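Spelled out, the chains give:
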Amino acid sequence: MSVQDQLHRYLFENAAVRGELVNVTQTWRDVLKTHDYPAPVQQLLGEMLVATSLLTATLKFDGDITVQLQGDGPLSLAVINGNNRQELRGVARVQGDIAPESSLKSMVGNGYLVITIAPEKGERYQGVVGLEGETLAECLEDYFMRSEQLPTRLFIRTSDKGAAGILLQVLPAQETSKEDFNHLATLTETVKAEELIELPANEVLWRLYHQEEATVYDPQPVMFKCTCSRERCGEVLKTLPQAEVDDIIEEDGEIDMHCDYCGTHYVYDAVDIAAIRNASVSSGDDRLH
């Protein structure tokens with residue numbers, strides 16, 4: 001994890017507005033390192049990592065947020081998953097040619113943005129909006145206005161040096177004037193990519209808001225982390241018909257399960273499958289039988 005990869009929360013004293021600043025540079029590199037995506041897809045995944053980190057930081061509970069783009073274009077799927085611990089992972093599926101200067105809409109085609117919020121305790125929630133904005137940030141701002149009626153602005157910057165962003169949002173159940181929010185948004189919009197990505201967060205915040213009263217809280221580390229494991233893959237194997245598993249073992253000698261997110265391979269031979277089945281019998285789980 002890079003020292004850069006941190007999330008900073010801040011509150012304005014004279015306006016009911018909260019801010020978050022995040023840098024995900026090393027996390028972005030870790031997501032990309034086992035994949036060979038076209039440059040526009042790499043950039044979009046960087047933007048989605050920034051956005052997902054900023055969204056998970058607005059959660060008031062333990063849980064996950066998944067930000068997903070789906071469509072009928074050459075980029076059929078792009079998904080980032082994050083949680084309240086700021087552990088992020090992501091993957092994309094490319095099924096056609098993507099030109100170097102492709103826009104969001106030309107990559108995704110007719111598609112939509114899906115945001116899934118899954119608390120560890122409580123109801124799962126899913127919001128879906130069409131891709132009406134020209135950028136991911138515009139689409140997410142549209143989502144907030146439709147689903148939560150909270151004025152929200154996202155400022156996402158990527159370059160060959162990294163990815164970072166800022167979220168501004170009116171505090172729920174509190175009043176702030178439109179002029180105050182627009183004033184803070186106008187200040188934030190001036191941030192340059194090289195400033196946001198390469199400078200320490202406190203310096204960026206001072207440059208943007210040195211005439212405003214703001215409280216900045218201790219940062220939270222942000223990192224790439226995949227939740228795959230040999231045990232989880234074994235649980236997936238339990239759900240497959242026994243005959244299908246046996247056929248693969250007989251034909252190939254092993255089953256190779258590959259994690260799309262991190263590139264890890266989990267290989268199971270006949271002995272491993274027998275051990276999984278025996279464990280299932282011991283625990284009263286008969287899904288492999």
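Residues numbered from 1 in each chain as written. Predicted model: local features only at pLDDT ≥ 70, side-chain atom pairs only at ≥ 80, totals over all residues. Heavy atoms only, no water.

The name recorded for the chain in an unreviewed UniProt entry is 33 kDa chaperonin, from Pantoea osteomyelitidis. Per UniProt, the chain carries the Subcellular location (unreviewed entry) text "Cytoplasm". A UniProt comment under Sequence similarities (unreviewed entry) is attached to the chain, and it reads "Belongs to the HSP33 family." (UniProt positions renumbered as here; feature names shortened; annotations may be inferred.)

## What to know about the overall build of the chain
A count of helices and strands for the chain gives 10 helices and 14 strands. The C-alpha extent of the chain, read off along each of the three principal axes, is 70 × 45 × 35 Å. The long-range fraction of contacts in the chain, counting pairs at least 24 apart against all pairs at least 6 apart in sequence, stands at 61%. Carbon and sulfur atoms provide 48% of the accessible area of the chain, an area that totals close to 14600 Å². Between the centroid of the 24 positive side chains of the chain and the centroid of its 47 negative side chains there is a distance of 4 Å. (Helix = DSSP H or I, 4+ residues; strand = E, 2+ residues; numbered from the N terminus. Contact = heavy atoms within 4.5 Å. Areas by Shrake-Rupley, 256 points an atom, 1.4 Å probe, with all protein chains shown as cover. Lys, Arg positive; Asp, Glu negative; His and termini not counted. Charge placed at Lys NZ, Arg CZ, Asp CG, Glu CD.)

## Re the environment of Ile80
Positionally, Ile80 belongs in strand β4 (residues 75-83). Among the residues examined, Ile80 registers a relative accessible area of 0% and is labelled buried. Excluding its chain neighbours within four sequence positions, the residues that come into contact with Ile80 are Leu45, Met48, Leu49, Thr52, Ile65, Thr66, Val67, Leu88, Arg89 and Gly90. (Buried < 20%, exposed > 50% of the residue type's maximum accessible area, 1.4 Å probe, protein only.)

## Details of unusual backbone geometry
In this model, Gln86 sits at a positive phi of 60°, which is unusual for a non-glycine residue. Mapped onto the secondary structure, Gln86 falls in the loop between β4 and β5 (87-94). Classification of Gln86 as buried rests on a relative accessible area of 0%.

## Observations concerning empty space enclosed by the protein
This model, assessed by the stated rule, comprises one cavity of 30 Å³ or more. The space that makes up the largest cavity amounts to roughly 40 Å³. Contributing to the lining of the largest cavity are Asp64, Asn81, Asn83, Glu87, Arg89, Lys225 and Thr227. At the level of elements, β4 and β5 are the ones that each hand at least two residues to the lining of the largest cavity. (1 Å grid on protein atoms, 1.4 Å probe; cavity = no way out; pocket = protein on both sides within 12 Å on 5 of 7 lines; lining within 4 Å. Points joined across faces, edges and corners; volume = space filled by probe spheres on them.)

## Section: the pairing of strand β6 (residues 111-119)
A regular strand places its side chains on the two faces of the sheet in alternate fashion. Counting buried residues along β6, seven of its nine residues qualify, which places the element largely inside the surrounding structure. Relative to β6, strand β3 (residues 63-71) is paired through nine bridges, and the arrangement is antiparallel. Residue pairing in the sheet places Ile65 in a bridge with Ile117 of β6. In this antiparallel pair of consecutive strands, β6 and strand β7 (residues 125-130), the connection spans five residues, and Gly122 shows a positive phi of 120°. (Pairing = 2+ DSSP bridges.)

## Some remarks on the packing of helix α1 (residues 25-32) against helix α2 (residues 39-56)
Interhelical geometry of α1 versus α2 gives an angle of 130° and a closest axis separation of 10 Å. Relative to α2, the element α1 lies oblique. Crossing angle aside, the handedness with which α1 passes α2 is right-handed. Along its contact with α1, which presents Thr27, Trp28, Val31 and Leu32, the element α2 presents Gln42, Gln43, Leu45, Gly46 and Leu49. Grouping the constituent residues of the contact of α1 with α2 by class yields five nonpolar, four polar and no charged. (Axes fitted to C-alpha atoms, helices over the stretch in contact; angles between N-to-C directions. Parallel < 35°, antiparallel > 145°, perpendicular 65-115°, else oblique. Left-handed = near helix turned anticlockwise from the far one by under 90°. Nonpolar A, V, L, I, M, F, W, Y, C, P; charged D, E, K, R; others polar.)

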